[in-house]
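Structural overview for review
The chain contents come next:
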Amino acid sequence: MWQCPKCGRIFKNTNQDHYCGEAPATIEEYIGRQPEQVQPYLRQVNQAIRSVLPDADEKISWSMPTYWKKRNLIQFAAFKKHIGLYPGPEAVKAFADKLEEYRTSKGAIQLPYEKPLPLELIAEIAQWCRKNSG
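For clarity, every value in this text was computed on a predicted model and none was experimentally measured. (Residues numbered from 1 in each chain as written. Predicted model: local features only at pLDDT ≥ 70, side-chain atom pairs only at ≥ 80, totals over all residues. Heavy atoms only, no water.)

Comments concerning the pairing of strand 3 (residues 57–61)
What counts here: At least two bridges found by DSSP between two strands is the condition for calling them paired. Here a strand is any run of E in DSSP of at least two residues, a helix any run of H or I of at least four, and the numbering for each starts at the N terminus.
Where strand 3 meets strand 4 (residues 64–68), 5 bridges bridge the pair, whose relative direction is antiparallel. In the sheet register, I60 faces strand 4, and the bridge partner there is P65. In this antiparallel pair of consecutive strands, strand 3 and strand 4, the connection spans 2 residues, and W62 shows a positive phi of 55°.

Focus: the layout of surface pockets
So the rule is basically this: In this analysis, the protein atoms alone were mapped onto a 1 Å grid. Cavities are point sets where a 1.4 Å probe fits without being able to get out; pockets are open sets with protein on both sides within 12 Å along at least five of seven lines; lining residues have an atom within 4 Å of a point. Grid points are joined across faces, edges and corners, and a volume is the space filled by probe spheres set on the points. Under the convention adopted here, Pro, Cys and the residues Ala, Val, Leu, Ile, Met, Phe, Trp and Tyr are nonpolar, Asp, Glu, Lys and Arg are charged, and Gly plus all remaining residues are polar.
If you add up the space inside the second largest pocket, you get close to 170 Å³. Of all the elements in the fold, those that place two or more residues in the lining of the second largest pocket are strand 5 (72–78) and helix 4 (119–131). The dominant element in the lining of the second largest pocket, judged by the number of residues it contributes, is strand 5, at 4 residues. Within the lining of the second largest pocket, the residues separate by chemical class into 6 nonpolar, 4 polar and 2 charged.

Points about the packing of aromatic side chains
Operational definition: Whether two aromatic rings pair depends on their centres lying within 6.5 Å, for rings of Phe, Tyr and Trp, where Trp uses its six-membered ring; planes under 30 degrees apart make the pair stacked, over 60 edge-to-face, and the rest tilted. Relative accessibility under 20% of the residue-type maximum defines a buried residue, over 50% an exposed one, and the middle range a partly exposed one, all with a 1.4 Å probe and only protein chains included. Cation placement over rings: the criterion is NZ of Lys or CZ of Arg within 6 Å of the ring centroid and within 35° of the ring normal.
Scanning the entire structure with this criterion turns up 3 aromatic pairs. Consider the rings of Y41 and Y113, whose centres lie 5.1 Å apart with planes at 50°: the pair is tilted. Taken as a pair, Y41 in helix 2 (residues 39–52) and Y113 in the loop between strand 8 (108–112) and helix 4 lie far apart in primary sequence, 72 residues in all. A relative accessible area of 14% means that Y113 is categorised as buried. One Lys or Arg, K59, reaches over the ring of W68 and ends 3.6 Å from the middle of that ring. Of note, K115 hangs over the ring of Y102, and the distance from its end group to the ring centre comes to 5.0 Å.

Thoughts on the pairing of strand 4
In terms of burial, strand 4 is a largely internal element, 4 of the 5 residues being buried. Pairing analysis gives 3 bridges linking strand 4 to strand 5, with the strands arranged antiparallel. The residue of strand 5 that forms the bridge with Y67 is I74. Here strand 4 hands over to strand 5 after 3 residues, with K70 in that stretch at a positive phi of 70°.

Okay, here's the thing in structure tokens:
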């Protein structure tokens, strides 16, 4: 068990990523709170998603930037070595052939900072999420 020295919350993992205090209110605020070197990556991911989901609501859900249209369509978040993209398990399955070079798990895709971001693929996945939302 590990306790954050700033906020006092207790976690299973040492140095676990989390927000101390109040979660950001907007996607831009979320991006602005991330390390400076990560912000350009997050802005690119955000723009790729926004370009195909212009009428979706932008909000923070589960402390992550979220695009919403009656339900979560797609989310993303910054981590130490990658950006996590969360389109849901059906999307990960539908794009499995295009995601072979990335680490995936049920509903999640890890986009490492050391590789160029697949912005067209991110936009394609976001558009798929919209078309296939319940």
